Amino acid sequence: MSVLVFLDQADGHIKKSSFEAANYAAKIAEQLGTVAEAVVLGSVSDDLAATGNYGIKKVHTVSDASLNKMDAQVYTKVIAQVVEATGADVLVFSNNTTGKAIAPRLSVKLKAGLVSGAVALPDTRNGFTVKKTVFSGKAFATISINTGKKIVALNPNSFNVTTGAGTAEVVAFAATIDAAKVEVVSVNKVVGEVPLSEAEIVVSGGRGLKGPENWGLVTDLAKLLGAATACSRPVADIHWRPHHEHVGQTGLAIAPNLYIAIGISGAIQHLAGVNRSKTIVVINKDPEAPFFKAADYGIVGDAFEVMPKIIDAVKKIKGA
Amino acid sequence: MKILVCISKTPDTTAKIAFADNNTKFAADGVQWIINPYDEWYALVRAIELKEADPSTVLHLVNVGTADSEPIIRKALALGGDEAIRVNSDNSDSYNIASQIAAIAKEGNYDLVFTGKETIDYNGSSIGGMVAELLDLPYVSHAIKFDLEAGKAVVVREIEGGEETDKVALPAVVSCQKGMAEQRIPNMKGIMSARTKPLKVTEPVAADSLTSVVTFDLPPAKAGVKLVSADQPEELVRLLHEEARVI
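None of the values given here were measured: they were computed from a predicted structure.

Basis of the calculations
- Residues numbered from 1 in each chain as written.
- Chains lettered and ligands numbered in written order.
- Predicted model: local features only at pLDDT ≥ 70, side-chain atom pairs only at ≥ 80, totals over all residues.
- Heavy atoms only, no water.
- Helix = DSSP H or I, 4+ residues; strand = E, 2+ residues; numbered from the N terminus.
- Rg over C-alpha atoms; globule rule 2.2 N^0.38 Å.
- Buried < 20%, exposed > 50% of the residue type's maximum accessible area, 1.4 Å probe, protein only.
- Contact = heavy atoms within 4.5 Å.
- Areas by Shrake-Rupley, 256 points an atom, 1.4 Å probe, with all protein chains shown as cover.
- Lys, Arg positive; Asp, Glu negative; His and termini not counted.
- Charge placed at Lys NZ, Arg CZ, Asp CG, Glu CD.
- Phe/Tyr/Trp six-rings, centres within 6.5 Å; stacked < 30°, edge-to-face > 60°.
- Lys NZ or Arg CZ within 6 Å of the ring centre and 35° of its normal.
- Salt bridge = Lys/Arg side-chain N within 4 Å of Asp/Glu carboxyl O.
- Domains from an automatic or database assignment.
- Buried area = accessible area lost by both parts, 1.4 Å probe.
- Pairing = 2+ DSSP bridges.
- Axes fitted to C-alpha atoms, helices over the stretch in contact; angles between N-to-C directions.

Caption draft 1: Summary view of the overall build of chain A. In terms of helices and strands, chain A carries eight helices and 17 strands. Relative to a compact globule of 320 residues, whose C-alpha radius of gyration would be 20 Å, chain A shows 21 Å and is just as compact. Dimensions of chain A, computed from the C-alpha atoms along their principal axes, are close to 60 × 45 × 40 Å. Looking at the 320 residues of chain A, the share that counts as buried comes to 60%. Taking the contacts inside chain A whose residues are at least 6 apart along the sequence as the reference set, 64% of them involve residues at least 24 apart. Total accessible area on chain A stands at roughly 12,000 Å², and carbon and sulfur atoms take up 51% of it. If you average the places of the 32 positive and of the 28 negative side-chain charges in chain A, the two averages end up 5 Å apart.

Caption draft 2: Local environment of the overall build of chain B. Across its full length, chain B carries six helices and 15 strands. Reported as C-alpha extents along the three principal axes, the dimensions of chain B are approximately 65 × 45 × 40 Å. Within chain B, the proportion of its 247 residues that are buried is 54%. Look at the contacts in chain B between residues 6 or more apart in sequence, and 71% of them connect residues 24 or more apart. Counting every atom, chain B has about 10,600 Å² of accessible surface; 50% of that belongs to carbon and sulfur. Across chain B, the centroid of the 25 positively charged side chains sits 4 Å from that of the 36 negatively charged ones.

Caption draft 3: The arrangement of the packing of aromatic side chains in detail. In total, this model carries 15 aromatic pairs over all chains according to the counting rule given. Relative to F159(A), the ring of Y24(A) has its centre 5.2 Å away and its plane inclined at 85°; by these criteria the two rings are edge-to-face. A residue pair is termed long-range when its members are at least 10 positions apart, and Y24(A) in helix 1 (residues 16-32) and F159(A) in the loop between strand 10 (150-154) and strand 11 (169-172) qualify at 135 residues. Residue Y24(A) shares its accessibility class with F159(A), and that shared class is buried. Relative to F216(B), the ring of F135(A) lies with its centre 6.4 Å away and its plane at 55°, an arrangement referred to as tilted. One end of the pair, F135(A), is in the loop between strand 8 (129-134) and strand 9 (139-145); the other, F216(B), is in strand 14 (residues 211-217), on a second chain. This pair shows no difference in class: F135(A) is buried, exactly as F216(B) is. The ring of Y110(B) is capped by K2(B), whose NZ or CZ atom sits 4.7 Å from the centre of that ring. Lying across the ring of W33(B), K9(B) places its NZ or CZ 3.9 Å from the centre.

Caption draft 4: Up close: the pattern of salt bridges. What the rule picks out here adds up to 27 salt bridges over all chains. A salt bridge links R233(A) to D237(A); the shortest N-O distance between them is 3.0 Å. Taken together, the residues R233(A) and D237(A), both in helix 5 (residues 233-237) and four residues apart, mark about one turn of the helix. The class for R233(A) is partly exposed, based on a relative accessible area of 30%. The class of D237(A) is partly exposed, set by a relative accessible area of 33%. The salt bridge involving K117(B) is made with E118(B); its shortest N-O contact spans 3.5 Å. Connected through shared salt-bridge partners, R46(B), E49(B), K145(B) and D147(B) make up one network.

Caption draft 5: Seen up close, unusual backbone geometry. Of note, the bond from L170(B) into P171(B) is cis; its omega dihedral lies within 30 degrees of zero at 0°. Within the secondary structure, P171(B) sits in the loop between strand 11 (162-169) and strand 12 (172-176). Phi at H239(A) takes a positive value of approximately 65°, unusual for a residue other than glycine. Mapped onto the secondary structure, H239(A) falls in the loop between helix 5 and strand 15 (258-262). Owing to a relative accessible area of 58%, H239(A) belongs among the exposed residues under this scheme. Positive phi, close to 50°, is recorded for N123(B), a residue that is not glycine. Position of N123(B) among the secondary structure elements: in the loop between strand 8 (112-116) and helix 4 (127-135).

Caption draft 6: Quick look at the domain arrangement of chain A. Residue and element names in this part refer to chain A. Taken as a whole, chain A is organised into domain 1 (3-172) and domain 2 (196-318). Here domain 1 and domain 2 have C-alpha centroids that lie 31 Å from each other. Taken residue by residue, the interface counts 13 residues in domain 1 and 13 residues in domain 2. Between domain 1 and domain 2, the buried area comes to about 980 Å², and carbon and sulfur atoms account for 39% of it.

Caption draft 7: Quick peek at the sheet that holds strand 10 (residues 152-159) of chain B. Taking strand neighbours across the sheet as the criterion, the ten strands line up as 12(A)-11(B)-10(B)-9(B)-12(B)-8(B)-1(B)-6(B)-7(B)-13(B) in an open arrangement whose pairing is mixed. For this open sheet the edge positions go to strand 12 (182-189) of chain A together with strand 13 (199-202) of chain B, each flanked by a neighbour on one side alone. Between one strand and the next, the sheet's axes are offset by a mean angle of 30°, whatever the strand orientation. Across three bridges, the pairing between strand 1 (residues 2-6) of chain B and strand 8 of chain B is parallel. Considered in strand 8 of chain B, the bridge of I3(B) is made with L112(B). Seen against the sheet, helix 1 (residues 37-53) of chain B touches strand 1, strand 6 (58-65), strand 8, strand 9 (139-149) and strand 12 of chain B and runs at an angle of roughly 150° to strand 8 of chain B.

In structure tokens, the structure reads:
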């Protein structure tokens, strides 16, 4: 019996959300009185022994270059082999796009109940129940997994990571690898931007900014803070900003440490996507904007007057 | 070409979220039900566009739900599609639901199965992947663009921090999200014709349920907003730096 976490990589580096999942897996293992191991697919340049700092005891690597591109079907078969060899009965994923593609397949292949979107450690005192977000962040459900093998996919930015000192043993795993049926033709990544799902700070703009030409107010602040940029649905719909920046009920749901909303009124659908943010700041000229009810800090004022002053004040504390 | 689109019934995006029966059930009284937006706006509308481009395409809809789902199934048929199948089940376990859809998909021998990327109530993002595994088919998730080229699907999917273009031979399962198509409103002709389109009801196949809901709860209310004067925005920055310690 052990806990196995899948560490997702891109361009040879383990994703931040996977370190969070690793630490989460280690805590589950501690609860169950067992150890946490990890599996990494494809060629990785990071020092995997350092995952020991997150509580991982052993990392199984399948470094075949064909695995540098994620094919859900191929990955599922390889991970299932590692599960069988290690006898793992709790499998942990980050609930990112890769996790969402593989975890459901493994749920079927291993006949293991899946909870995706977990936001807390499972309660293992009596059975195995996990709290997850439902109704697009408007509520939580506690789900019982009723199978011997269990899969939990952790929402990014929802677990408090605590690191220690440790070194994981790194071992090569000999797996049978199928040919991928999905051919990756091209990958187009936005270079230099922080991915929205992994960002600790998100600066977001709405229709109150009046047009895409004014987005400097959002992007300048984001750059200073090392933040990702986001927008409300109307802004994406009228193509002021790209669709992948849309946060809300029908866009991306995020949970950064700090969410700064500029010129967004805070419709219930928008709030659903951001209300798990730890601190919410709202800047809006309408004092009746519903967003103020969900905010921690706010300024009732004109963004065009307020934002340049905020940017200057941030420059001062950043020493920029 | 035969396409199967999976549609789910969810509360309207503005519905008040509350729970009944000692927080074990969604309080459905007075709630307006809709087709899950990802299933409707993206999966279904893109499938309808494919049928418009090639009228020989057969387009079926499947819903796993009780008779309460029929109004949203009729609405989906009013948008387009040839017929709908409802699997008469109130099971909410994703594995069980996926098993029902996989059984329908297998029997109908579809080239393409479309789902939304997730439902806006359970947010599982699981059905597409599970159906693909049950049928041993390739799965492309989070599709934002879908085209057919020489019998193969060319799909642009979202990945962290960007996009990836994939090519896959059919049959395949694809989960759809924003970008695939634009929202449509059913027209009068569609609404009239939907009344006579076949809506078949079948009983569920035997399948296990792997999970169950224990309880629901609502997030704690916020303590209240701390307002800073618009004349002193630098005070906000100070609070974020020294009090909240987030910058």
